[in-house]
Amino acid sequence: MENNPTSSALTAENFINNDVAPEDVAIQKPAPVTKENRIQTIDMVRGFALCGILLMNIIGFGTDNGTLFKVANGPHNNADYITMGAIITFFDGTMRGLFSMLFGAGMILFLSGKQERPSGPRVADYYYRRLLWLVLFGVFNAFVLLWPGDILYYYGLTGMILYPFRKSAPKVLIMLGLLCFLINAGKSLWGWNETKDKRVAYLEAIAAEKAKQKLTPEQEAAKAEWPEIEKNYTFDPYYSQVNVEKTRGNYPTVFEHFMDRNVGGEIWWMYHGVWDFLGMMLLGMAFLGLGFFSNKLSTSTYVMVLLVGYIVGTTIGYVAFKGTIEYWTHPVRYIDSYRVPHQLLYDLRRLFISIGHAAFIMLVYRSKLVPWLMKGLANVGQMAFTNYLMQSIICTLFFYGYGFGYYDKLRFYQTYYVVFAIWTFQLIASTIWLRYFRFGPFEWLWRSLTYGKPQPMRIRN
Amino acid sequence: MEPNHPETSPVPQPEVPPASAAPGRQLSLDVLRGAALLGGLLISVWLFGGFTTNKQYGLLSHPSGGNYRLFAAVSLLFEGKMRALIGIVFGAGIALYLGKRLHADAAKAHDYFVRRQLWLMGLGIVNGVLLLWQNDLLFHLGLMGILLLPFAQASPRALLATSLVFMLIFCGKLFWNYSDDKTALRKYNTVLAVEKKFKADSAARAKQDSLSHKAVAVATNAKDSAAKKNEAKKDTLTRKQKEDKEKWEGRLKQMKYDPKADEGSRKMMREVSYVKLWSSTLSSTQGREAAWTYRIGVWELGMSILLGLALLKLGFFENNLSRRQYLLIALAGIGIGLLCGWYRLYFQNAALLDYGKYVKTRWLPYDILVPLERLSQAIGYASLAMWLLAVSWLGWLRTSLAACGRISLTLYLLQTIVCVLFFYGIGLNNYGNLSQWQLYLFVLEFWLVQIVFSLFWLKFYPIGPAEWLWRCLVAKKWLPFKNYNEAA
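Thresholds, definitions, all that
- Residues numbered from 1 in each chain as written.
- Chains lettered and ligands numbered in written order.
- Predicted model: local features only at pLDDT ≥ 70, side-chain atom pairs only at ≥ 80, totals over all residues.
- Helix = DSSP H or I, 4+ residues; strand = E, 2+ residues; numbered from the N terminus.
- Buried ≥ 20, exposed ≤ 12 C-beta atoms within 10 Å, placed from the backbone.
- Contact = placed C-beta atoms within 7 Å.
- Nonpolar A, V, L, I, M, F, W, Y, C, P; charged D, E, K, R; others polar.
- Core = buried A, V, L, I, M, F, W, Y, C linked by C-beta atoms within 7 Å.
- Axes fitted to C-alpha atoms, helices over the stretch in contact; angles between N-to-C directions.
- Parallel < 35°, antiparallel > 145°, perpendicular 65-115°, else oblique.
- Left-handed = near helix turned anticlockwise from the far one by under 90°.

(A) Spatial organisation of the overall build of chain B. Per the secondary structure count, chain B includes 18 helices and zero strands. The 488 residues of chain B split such that 41% are buried. Contacts in chain B between residues at least 24 apart in sequence constitute 84% of all its contacts with a sequence separation of at least 6.

(B) Here's a closer look at the interface of chain A and chain B. Counting residues at the interface gives 16 residues for chain A, matched by 17 residues for chain B. Counting residues per element, the side of chain A that touches chain B draws most heavily on helix H8 (residues 123-143) of chain A, at five residues. Looking at side-chain class alone, the side of chain A that touches chain B contains eleven nonpolar, no polar and five charged residues.

(C) Geometry of the environment of Lys223 of chain A. Residue and element names in this part refer to chain A. Topologically, Lys223 is positioned in helix H11 (residues 217-233). Residues Lys223 and Glu204, 19 residues apart in the sequence, show an inter-C-alpha distance of 8.8 Å. Not counting residues up to four positions away in its chain, the partners in contact with Lys223 are Tyr202, Ala205, Ile206 and Leu215.

(D) The arrangement of the nonpolar core in detail. With 197 residues, the main nonpolar core has Val45, Ala105 and Met285 of chain A together with Leu85, Ala92, Leu306 and Leu309 of chain B as its most contacted residues. Looking at which element gives the most residues to this core, the answer is helix H4 (residues 81-102) of chain B, with 14 residues. Among residues more than four places away in sequence, those in contact with Leu309 of chain B are Gly91, Ala92, Ile94, Ala95, Phe151, Ala152 and Leu159 of chain B. With nine residues, the next largest nonpolar core counts Leu59, Phe71, Leu352 and Val359 of chain B among its residues.

(E) Representation of the packing of helix H5 (residues 106-130) of chain B against helix H6 (residues 138-147) of chain B. All names here are of chain B. Two elements in contact, H5 and H6, have axes whose closest approach is 7 Å; the angle formed by their N-to-C orientations is 160°. Considered as vectors, H5 and H6 are oriented roughly antiparallel to each other. Crossing geometry of H5 relative to H6 is assigned as left-handed. Between H5 and H6, the residues in contact are Val114, Gln117, Leu118, Leu120, Met121, Leu123, Gly124, Ile125, Asn127 and Gly128 and Leu138, Phe139, Leu141, Gly142, Leu143, Gly145 and Ile146, respectively. Here the contact of H5 with H6 is composed, by residue class, of eleven nonpolar, six polar and no charged.

What follows is the structure in structure tokens.
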């Protein structure tokens, strides 16, 4: 069977989507029930993460920073502020974290248990070819569908680092993952200290000036530099106005408007932000090895993870949310009074809440309370790639000027009605689609590109 | 940069290596690597020694005199070509490395390959961020090796085609940058027209004011002044217009020689505290590793690495072509490269004299042919070297360059250490003190040092220290140093 390109093509899908339809599993090897269960839970968590990622992305799709700024500065008892608090506390970065973990886990599933064929492309060849196509899909998502928040680009590139770690022990992977987070925190602390130093130098220069001392050249420079830095921390309605105007424009206008953001984002995230993805992917590989994603742990363990994850995570999350509000409302006071940046524990918080989410899904699945919903999530997860791109297509057409032009027209909490509508649509559409096809349309395209020829897609009974 | 690795499979070498080649190594690649490594120093020394872009603009603005001719010659013969040559040799190394090992144990081969590349990126970060060489190339080579892994199994034809596509994208990027300039100038001119109109308006208003002033009664004065205030407000540029204006003015400033522009970098590089120098160069080093890679590096290095892969598979480095063919490719490649280079220098002069005029009148940027220039000339050099090896001329040069090529990673890091200690303020503080020809003299002496060092080193040890360290890191164990066996 290893010599049959189609069968190896089918197994190759595993590593991001894990979308092996039951009959494929049967072709590979007689799959025990536990194996199918394992795949199901991973798909469920992935479907959950994919839906959840829209909770954060909708802000980028539909709301201008100016509106966020107004919500932060406005009354604290209205629907907008409460929604914002809940979203930032419970979800900020956690769904991306979960998605990254499953990407890492999927990589192991893809690469493990495959025999090398003596001639022709090897598993690693397919792996790297697929990732390179994923990078191009990311470019497409950012520059053609015009979604500056794309992650496929980074997943493709970061995935290329994982290969040598595929056989590492969970312990090693966890250490490496935490090391990534440490680097991230160190970098953020470094930048923070530089800003603080400049602020202190400025205040000293001002004090010296007030005391009628003659300023040294360094003091003069510090005095001149700070107002420029402060500009970056303060909200400027001008850019909001330009942003809203342009995003409501026609396609060429939006394209041009997002060009700098796309390019700058891909440069910054790939070089400075890679630890964000890499850390979670390595941890995801470790957790797969420990049986966490494959429903192998005891119920009490999952309950424990859920409680610890949510309690620790949301505590940090709430503190971070307060910091965010302070940062948005009183940036200078924020810099003067905070000793460390409020997002210093960002990755740790993400980690706790993400595994809490995953444990939550496992427990709901085990409780057999809403099997139809779990099945629906598994379907969404099986078509994760398609659904992710569909979110870009739907949201850009709904919010941008060349579509319905709702950008920054809805109240903050109202954008979540759009999220619920998209979730419902994706749950239903994925379920119907998978009744007739092995995998989603974009999965099919991606797979066909990787293997250089169109892949069979219809389910034949 | 080394095509070979300790975990070599027991597969015997298909070709009989020439007598002077080390076992398990390809002499032609060692020679080319050594040549590119030494040649590249002529260009690196510009940045190390403070022969800044601005100073080069100064020469290019007045294209005459010995100093200009020296610069033009080095620029024509070396600038960017050595990087392309390193890319070609690196690409060939990838094909050689994987080709041998895939048959033995494919999973392990890929494992080792990716680990090698990751460690190379790590060494690049050490070289750039810690040793303070802002234009490090190791990081990019490591990255490109991983990115281009899916191409390693492609046919030579597909590789040549892809290399060409990369070259065209590189050209396209340069053209795109230029069209940004064109747009900036157009917007600038629009703003100028608006400003002109403002002046005319206010002149007309002033005239009207003085006429009506006597007639208007005191009672309407308040209303009048409010209206005037409004008109005056309309007469200032909007923020967008100001931004448009500043953007082009800034661009214009970049494209002009400014005698004072180098004071900042001079002060920075002559800083005596390592920590201060480190923090002031960090952003430029990281910019090179991040933004440059994204915008240019991927395409520039990609085109040459893919070409190197193709050439190795075609047997180019194993004397598969006739002497005549090598000579023809050499002449054609270098000829095309020099023509493109002449175009570049000629039009760059025009651009530096008056960039506004250049952008208004020319539809192509002066650097549009740079990708072709670099790639074509690098093939030419590679071919010339193959021809020289075939006719067995300059045997001493071959031996010297091959020795340098064998410990190229060590030498590359040594170049950084020596240049940093010689030029920067944390060392002998010669930054900006040497004139152009003195910089080349320094390079010449340093070449001799490197050649002598390499020959001596290889007399006593089979492997360079950095190469050894790199292989230990990849193998995750200490390998023998003194009795290191290349082919084992």
